[in-house]
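# Structural characterization, general
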Amino acid sequence: MAASDMLPHGALQGVKVLDLSRILAGPTCTQLLGDLGATVIKVENPKTGGDDTRQWGPPYVMDADGQQSDLSAYFMAANRNKRSVAIDIATEEGQQAIRRLAAEADILIENFKPGGLAKYGLDYASLKEDLPGLIYCSISGYGQTGPNSHKPGYDIMAQGFGGIMSLTGEPEGQPMKAGVGIADVMCGMYACIGILSALHHRDKTGEGQQIDLALVDAQIAWLINEGVAYLNTGQTPKRRGNEHPSIMPYGVYETADGHVILAVGNDSQFRRFMEFLKLEGLAEDARFATNPARLQNRDALNAILIPAVQRFTTGTVLAAMEARKVPAGPVQTLDTLFASSQVDARSMAIGMETAAGPVKLLGNPLKFSRTPVTYRHAPPACGEGTGEILSAEHPFEPS
């Protein structure tokens, strides 16, 4: 669809979000909502310098005078399309300001410990009577109920408690977390889905509700096939490095000059792969002719494949697999990734202008034909919009 057919705003234009969250899960959710057109006001504590991740650097954006700003790369990754207001909710004045903002908001999202906002009269139970249409999303480590509800939650603890670390890493190595805070990010995505569902319900009935979302619950939910396999067999899965429990060959193989990913998903692909390696007989060998047989004889097959693939360069393997329609791919470092024409074509790296200077950010992966994602506000300095927001008659009106 041509650009002229697109609307100049996102699908959530007019939706108002009050963001009391910090670090990554909640901010990931509210950035998604902001990208989709919602107006987001982020509340930050002036006593602590704002969101914890403002101090999670380097790197930081350096201003025109060469001074370090409060915009770390970590903070900027999840805080565009928001305006920041500095409010101390421990004060009566701050609590009144939050209630005023909540009264105009469609959505409030917070990630305090369960019960942490009750002492300020800002928990869902305290607000729901006066604000029956408010959608109130509470993110915590272990949820609002259960024996662990009082415990704090960080991404690595969720990955550990929720089982994913027991599945990640080399078989003889340590349990391994993912290279980024994926438990936080997935929790933020679940939060976004839950909020949009509650918004749909509210639009039909006028009724708001609380969403109780635990970082650990979200992590458990994306154990997917491994979790379901355990529940139905009682067999605890083991770490397999980059190999797949149900597909063979599937993983990272060393080449003459690097590594290549191979994902041979069916028997016809396996035959074509063997043709390239000049090992056609393996496709007829009863030990390897079918995927179940290859799984049973994984070690024997790898003993043949590993040295066979090492004879070729990565480029040669990739070209051969593409020609034979066998799934394969490179293991890119970030310099090669962001230099690729694919990233450019999909607008997955964008530029924005902050108060401290220009920055580059990751693009939103959602592509709409009619209501495109928009990038309206660069990640803000802590409290950058405080005066404008608190003095406005309608603080959520787009600036």
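The preceding data block contains the structure.
This structure is a prediction, so every number in the text was calculated from the model and none was measured.

Calculation notes
Residues numbered from 1 in each chain as written. Predicted model: local features only at pLDDT ≥ 70, side-chain atom pairs only at ≥ 80, totals over all residues. Heavy atoms only, no water. Phe/Tyr/Trp six-rings, centres within 6.5 Å; stacked < 30°, edge-to-face > 60°. Helix = DSSP H or I, 4+ residues; strand = E, 2+ residues; numbered from the N terminus. Lys NZ or Arg CZ within 6 Å of the ring centre and 35° of its normal. Buried < 20%, exposed > 50% of the residue type's maximum accessible area, 1.4 Å probe, protein only. Pairing = 2+ DSSP bridges. Polar contact = N/O pair within 3.5 Å; in protein donor to acceptor, adjacent residues only side chain to side chain. Salt bridge = Lys/Arg side-chain N within 4 Å of Asp/Glu carboxyl O. Axes fitted to C-alpha atoms, helices over the stretch in contact; angles between N-to-C directions. Contact = heavy atoms within 4.5 Å. Expected span 1.5 Å × (residues − 1). Arc of directions from axis to C-beta.

## Some points on the packing of aromatic side chains
This model, assessed by the stated rule, comprises four aromatic pairs. Relative to Tyr 136, the ring of Tyr 124 lies with its centre 5.6 Å away and its plane at 55°, an arrangement referred to as tilted. A residue pair is termed long-range when its members are at least 10 positions apart, and Tyr 124 in helix α4 (residues 124-127) and Tyr 136 in strand β7 (residues 135-140) qualify at twelve residues. In this arrangement the basic side chain of Arg 54 is found over the ring face of Phe 75, its NZ or CZ atom lying 3.9 Å from the centre. The ring of Phe 270 is capped by Arg 294, whose NZ or CZ atom sits 4.3 Å from the centre of that ring.

## Overview of the pairing of strand β10 (residues 259-263)
The side-chain alternation of β10 yields one buried face, formed by Val 260 and Leu 262, and one unburied face, formed by His 259, Ile 261 and Ala 263. Relative to β10, strand β9 (residues 250-254) runs antiparallel, the two being bridged by five bridges. Paired with Tyr 250 across the strands is Ala 263, a residue of β10. Between β9 and β10, which pair antiparallel in sequence order, lie four residues. The sheet contact formed by β10 and strand β11 (residues 328-330) spans three bridges and is antiparallel. From the neighbouring strand, Ile 261 faces β11, where its bridge partner is Gly 329.

## Observations concerning the side chain of Ser 340
With respect to the element layout, Ser 340 can be found in the loop between α15 (334-338) and α16 (341-345). For Ser 340, a relative accessible area of 19% gives the class buried. Within the structure, Ser 340 has its side chain in polar contact with the backbone nitrogen of Val 343 (distance 3.3 Å).

## Digging into the pattern of salt bridges
Taken as a whole and judged by the stated rule, the model has twelve salt bridges. In this structure, the salt-bridge partner of Arg 202 is Asp 106, at a minimum N-O distance of 3.0 Å. Linking Arg 202 in helix α7 (residues 182-205) with Asp 106 in the loop between α3 (92-104) and β6 (107-110), this pair joins segments that are 96 residues apart in sequence. Neither residue differs from the other here; Arg 202 and Asp 106 are each classed as buried. The shortest N-O distance in the salt bridge between Asp 203 and Arg 202 comes to 3.5 Å. For Asp 203, a relative accessible area of 57% translates into the label exposed. Put simply, Glu 44, Arg 54 and Asp 70 are held in one network by salt bridges that share partners.

## Concerning the sheet that holds β9
The strand order across the open sheet formed by three strands is β9-β10-β11, and the pairing between neighbours is antiparallel. Each end of this open sheet is capped by a strand with a single partner; those strands are β9 and β11. Neighbour to neighbour, the strand axes of the sheet diverge by 25° on average, direction disregarded. Against the sheet, helix α14 (residues 314-323) touches β10 and β11, its axis set at about 25° to β10.

## Comments concerning α3
Structural remark: α-helix, 3.6 residues per turn; residues separated by three or four positions point the same way. Taking 1.5 Å per residue as the helical rise, α3 with its 13 residues ought to reach 18 Å, and the 19 Å between its terminal C-alpha atoms agrees with that figure. Among the residues of α3, those classed as buried are Gly 94, Gln 95, Ala 97, Ile 98, Leu 101 and Ala 102. The buried residues of α3 occupy an angular sector of 160° when projected down its axis, which confines them to one face. If you follow the buried residues of α3, they end up packed against β1 (16-20), β2 (39-44), β6 and α17 (386-391).

Function-wise, these values are silent; they only describe arrangement.
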